[in-house]
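Chain and residue survey
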Amino acid sequence: SKPGEGSVFFFSVSLQKSKKKSEIKKEELLKELQNFRILVAEDLLTNRLVLKSLLEKFFGIKKIDLVETGKEAVEKAVKKNYDLIFMDVRMPQMDGLEATRLLREQGIKTPIYIVTGDVYRNTVVEAIKAGADGFIGKPVDNEKLEKVLKEVLEKKRQFSNGEKNQIQTK
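This text gives an overview of the structure that appears in the document. (Residues numbered from 1 in each chain as written. Predicted model: local features only at pLDDT ≥ 70, side-chain atom pairs only at ≥ 80, totals over all residues. Heavy atoms only, no water.)

When two helices pack together, their arrangement is given by the angle between their axes and by how far apart the axes lie. Two numbers describe how helix 4 (residues 96-105) lies on helix 5 (residues 121-130): the axes approach to 8 Å, and their chain directions differ by 20°. Here helix 4 is positioned roughly parallel relative to helix 5, judged by the angle of their axes. On helix 5, the residues touching L97, T100, R101 and R104 of helix 4 are E126, A127 and A130. Among the residues forming the contact of helix 4 with helix 5, the class breakdown is three nonpolar, one polar and three charged. (Axes fitted to C-alpha atoms, helices over the stretch in contact; angles between N-to-C directions. Helix = DSSP H or I, 4+ residues; strand = E, 2+ residues; numbered from the N terminus. Parallel < 35°, antiparallel > 145°, perpendicular 65-115°, else oblique. Contact = heavy atoms within 4.5 Å. Nonpolar A, V, L, I, M, F, W, Y, C, P; charged D, E, K, R; others polar.)

Structure (structure tokens):
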């Protein structure tokens, strides 16, 4: 080092490439979703198959039941314990809002997300009034599904932690 000229230093560091936080979160999400049980209520076959395909391909979910009416959705959800229900609004025999109301009246607490192309404010308000936890606008894609699945997992974790806390304090 010479006065007034400064110093130059060289060094090298050997580091391992780390995963991005989002990749880690995605891996954790996929692991937790492997045993998820989902009910898809949608009257159009194409929409049912697209939703099923997205859930399988992007999230590894294999336990997916498909129904085409609100009436069938209520029957299945009462008999079987699901982690999540995707419910179309307009279906024959019973629409998704009525099916959601009936499920809530029967004490079914499974998260229900309304799937609709009609994302106008009054439809969303009606869905929430009926007891839906949220909604997804059509067309459905893997980003929208990921957001919903993360919300459902977070609620599930909070519920589980709340139960553990209640048990420990008794």
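After that view, the rundown keeps rolling.
Looking now at the sheet that holds strand 1 (residues 37-41). Spatially, the five strands line up as an open sheet ordered 2-1-3-4-5, and their pairing is parallel. Of all the strands in the sheet, just strand 2 (63-67) and strand 5 (134-137) have a single pairing partner and so form its edges. With direction set aside, neighbouring strand axes in the sheet form an average angle of 20°. Pairing analysis gives four bridges linking strand 1 to strand 3 (residues 84-88), with the strands arranged parallel. For I38, the partnering residue across the bridge sits in strand 3 and is L84. (Pairing = 2+ DSSP bridges.)

There is about 400 Å³ of room inside the largest pocket. Lining the largest pocket are 13 residues, with K109, T110, P111, K156 and F159 sitting closest to its centre. Per-element tally for the lining of the largest pocket: the top contributor is helix 6 (residues 142-169), with five residues. (1 Å grid on protein atoms, 1.4 Å probe; cavity = no way out; pocket = protein on both sides within 12 Å on 5 of 7 lines; lining within 4 Å. Points joined across faces, edges and corners; volume = space filled by probe spheres on them.)

We now examine the packing of helix 3 (residues 70-79) against helix 4. At their nearest, the axes of helix 3 and helix 4 sit 9 Å apart, and the two run at 25° to each other. As judged from the angle between their axes, helix 3 and helix 4 are roughly parallel. Crossing hand, helix 3 versus helix 4: right-handed. Counting all contacts with helix 3, which are made through G70, V74, A77 and V78, the residues of helix 4 involved are A99, L102 and L103. Looking at the contact of helix 3 with helix 4 residue by residue, the classes come out as six nonpolar, one polar and no charged. (Left-handed = near helix turned anticlockwise from the far one by under 90°.)

Honestly, that's just the spatial picture; any functional story needs more than this.
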